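Take a look at the letters that make up each chain.
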Amino acid sequence: MPQGSSHRPHRVVLLVDENSNPFEMSCAIEIFGLRRPELGRELYDFRLCAVALRTRMRDGFFTLTGVAGPEAAEDADTLIVPNRPDTGTPRSPRVLDVVRRAHARGARLVGFCSGAFTLAEAGLLRGRRAACHWMWAESFRARFPEVRLEPDVLFVDDGDILTSSGSASALDLGLHLVRRDHGAEVANHVSRRLVFAAHRDGGQRQFVERPVPEVRDASLAPLLQWAQERIGEPLTVADLAARARVSPATLHRRFRAQLGTTPLAWLSAERVALACRLIERGEERLEVVAARSGLGTAANLRQRLRRATGLSPSAYRRRFGAGGGEALVP
């Protein structure tokens, strides 16, 4: 992952094009552009830029002016590429040139929603994995058969190029980037400010098949709060169902409908997140981290952490831990 220099925070630049979606732009501003003085440091240096002096946003809702020109992308560590609903219209050659230049010098590229079309048009997704909104999956495959489209996920992290599916999954991918750059503790803080889940395991298939449940289930919020307060205990799906006073099958349906995941996957994700926070706060004993997070054994912790972050516990500590590069004690 490209890093900012030691003298400034990681620089994120959002490139806006004609008919760009305001929602994803707002998601980027909220996650990367807002100052968070309570953290005691600046996470990102965020800028907007455009190739034109006046950029008409989607459906003419408003015209964007007063932002930097495309030269602002020249020193971006992360460049968020334009997305827009008219996916059949070719992107501006100037926009594609900015994107290609950023990739050539090693910048990380991010495409929200239909932003995958921009990256594919720039020729940067050949043979690589990508996500886009389910509405455009078939047209994307037809135009870019060389891209390995993953239609049922919220986002794809393919190293230096990351893409998300629908509009709201811009928040999922944005929080994933914060977690990748600054660790779980900071990502959880940002998610709390957003009042948005720090990690959703579900894919977008749920939205394709049934956008709104036929019968609205009771909110899971009280159950989730109860479970989070006991996440280090040996909770099972049966325990959650008993607490909610429903059958495990009903609980499974409610989790799928409201969270897009299963109760077991949610428990695992919460435990891994707690393990990450414990490591970040300086706990060096692997067995203690495993026990306190409810993951049980050091072996299970290693497996779950690597699956979730791509890092071993020691590598995670070197990157995000308060104590620097010491190895965790097995």
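For the structure, see preceding data.
So, here is what we can say about the structure in this document. (Residues numbered from 1 in each chain as written. Predicted model: local features only at pLDDT ≥ 70, side-chain atom pairs only at ≥ 80, totals over all residues. Heavy atoms only, no water.)

For the rest of this paragraph, the subject is the overall build of the protein chain. Within the protein chain, the regular secondary structure consists of 14 helices and 10 strands. Counted over contacts in the protein chain with a minimum sequence separation of 6, partners at least 24 positions apart contribute 63%. For the protein chain, the accessible surface area stands at approximately 15400 Å², while carbon and sulfur atoms represent 52% of it. (Helix = DSSP H or I, 4+ residues; strand = E, 2+ residues; numbered from the N terminus. Contact = heavy atoms within 4.5 Å. Areas by Shrake-Rupley, 256 points an atom, 1.4 Å probe, with all protein chains shown as cover.)

Moving on to the packing of helix α6 (residues 184-194) against helix α11 (residues 263-280). Packing of α6 against α11 leaves a shortest axis separation of 8 Å and a crossing angle of 120°. In this view, α6 runs oblique relative to α11, as classed from their interaxial angle. Between α6 and α11, the residues in contact are Ala184, Glu185, Val186 and Asn188 and Ala273, Cys276, Arg277 and Glu280, respectively. Its residues placed into classes, the contact of α6 with α11 shows 4 nonpolar, 1 polar and 3 charged. (Axes fitted to C-alpha atoms, helices over the stretch in contact; angles between N-to-C directions. Parallel < 35°, antiparallel > 145°, perpendicular 65-115°, else oblique. Nonpolar A, V, L, I, M, F, W, Y, C, P; charged D, E, K, R; others polar.)

Their axes nearest at 10 Å, the elements α11 and helix α13 (residues 298-309) cross at an angle of 95°. When the interaxial angle is binned, α11 and α13 end up roughly perpendicular. Touching Ser268, Val272, Ala275, Cys276 and Ile279 of α11 are Leu301, Arg304, Leu305, Ala308 and Thr309, all from α13. For the contact of α11 with α13, a count of residues per class yields 7 nonpolar, 2 polar and 1 charged.

Time to look at empty space enclosed by the protein. Taken as a whole and judged by the stated rule, the model has 2 cavities of 30 Å³ or more. Size it by volume and the largest cavity reaches roughly 60 Å³. In terms of lining, the largest cavity is formed by 13 residues, of which the most central are Leu14, Ser20, Asn21, Met25 and Asn83. Contributing elements (two or more residues each) for the lining of the largest cavity: β1 (10-16), α1 (22-33) and β5 (78-81). (1 Å grid on protein atoms, 1.4 Å probe; cavity = no way out; pocket = protein on both sides within 12 Å on 5 of 7 lines; lining within 4 Å. Points joined across faces, edges and corners; volume = space filled by probe spheres on them.)

Okay, the nonpolar core next. Counting residues in each nonpolar core, the largest one holds 34 residues, and the members touching the most others are Leu15, Leu79, Val99, Leu109, Leu125 and Phe140. Secondary structure elements with two or more residues in this core: β1, β5, α2 (93-104), α3 (115-121) and α4 (137-143). In terms of residue count, α2 provides more of this core than any other element does, 5 residues in total. Excluding its chain neighbours within four sequence positions, the residues that come into contact with Leu109 are Leu79, Val99, Ala102, His103, Leu119, Leu124, Asp160, Ile161 and Leu162. Leu224, Ala241, Ala298 and Phe320 belong to the second-largest nonpolar core, a separate cluster that totals 32 residues. (Core = buried A, V, L, I, M, F, W, Y, C linked by side-chain atoms within 4.5 Å. Buried < 20%, exposed > 50% of the residue type's maximum accessible area, 1.4 Å probe, protein only.)

Turning our attention to the pairing of strand β10 (residues 161-164). Side chains Ile161 and Thr163 of β10 all project onto a buried face; the interleaved residues Leu162 and Ser164 project onto the opposite face, where all are buried too. The pairing of strand β6 (residues 108-111) with β10 spans 3 bridges and is classified as parallel. Residue pairing for β10: Leu109 is matched across the bridge by Ile161. (Pairing = 2+ DSSP bridges.)

The subject of this paragraph is helix α5 (residues 169-182). Turn by turn, an α-helix covers 3.6 residues, leaving residues three or four places apart pointing in a common direction. Taking 1.5 Å of rise per residue, 14 residues should cover 20 Å, and α5 covers 20 Å from first to last C-alpha, within 8% of that figure. The element α5 is extensively covered by neighbouring structure, given that 14 of its 14 residues are classed as buried. Just downstream of α5 lies Gly183, where phi reads positive at about 95°. (Expected span 1.5 Å × (residues − 1).)

Turning our attention to unusual backbone geometry. The phi dihedral of Asn19 is positive, around 70°, even though this residue is not glycine. Structurally, Asn19 can be placed in the loop between β1 and α1. Classification of Asn19 by relative accessible area gives buried; the value is 13%. In this structure, Cys113 takes a positive phi of about 55° despite not being glycine. Of note, Cys113 is situated in the loop between β6 and α3. Here Cys113 falls in the buried class, since its relative accessible area comes to 2%.

This next bit is on the pattern of salt bridges. A side chain with one charge may pair with a side chain of the opposite charge, provided their charged atoms come close. For the coordinates displayed, the defined rule picks out 19 salt bridges. Here Asp181 makes a salt bridge to Arg108, at a shortest N to O gap of 2.9 Å. Taken together, the positions of Asp181 in helix α5 and Arg108 in strand β6 put the pair 73 residues apart, joining distant regions of the chain. Residue Asp181 is classed as buried on the basis of its relative accessible area of 14%. (Salt bridge = Lys/Arg side-chain N within 4 Å of Asp/Glu carboxyl O.)

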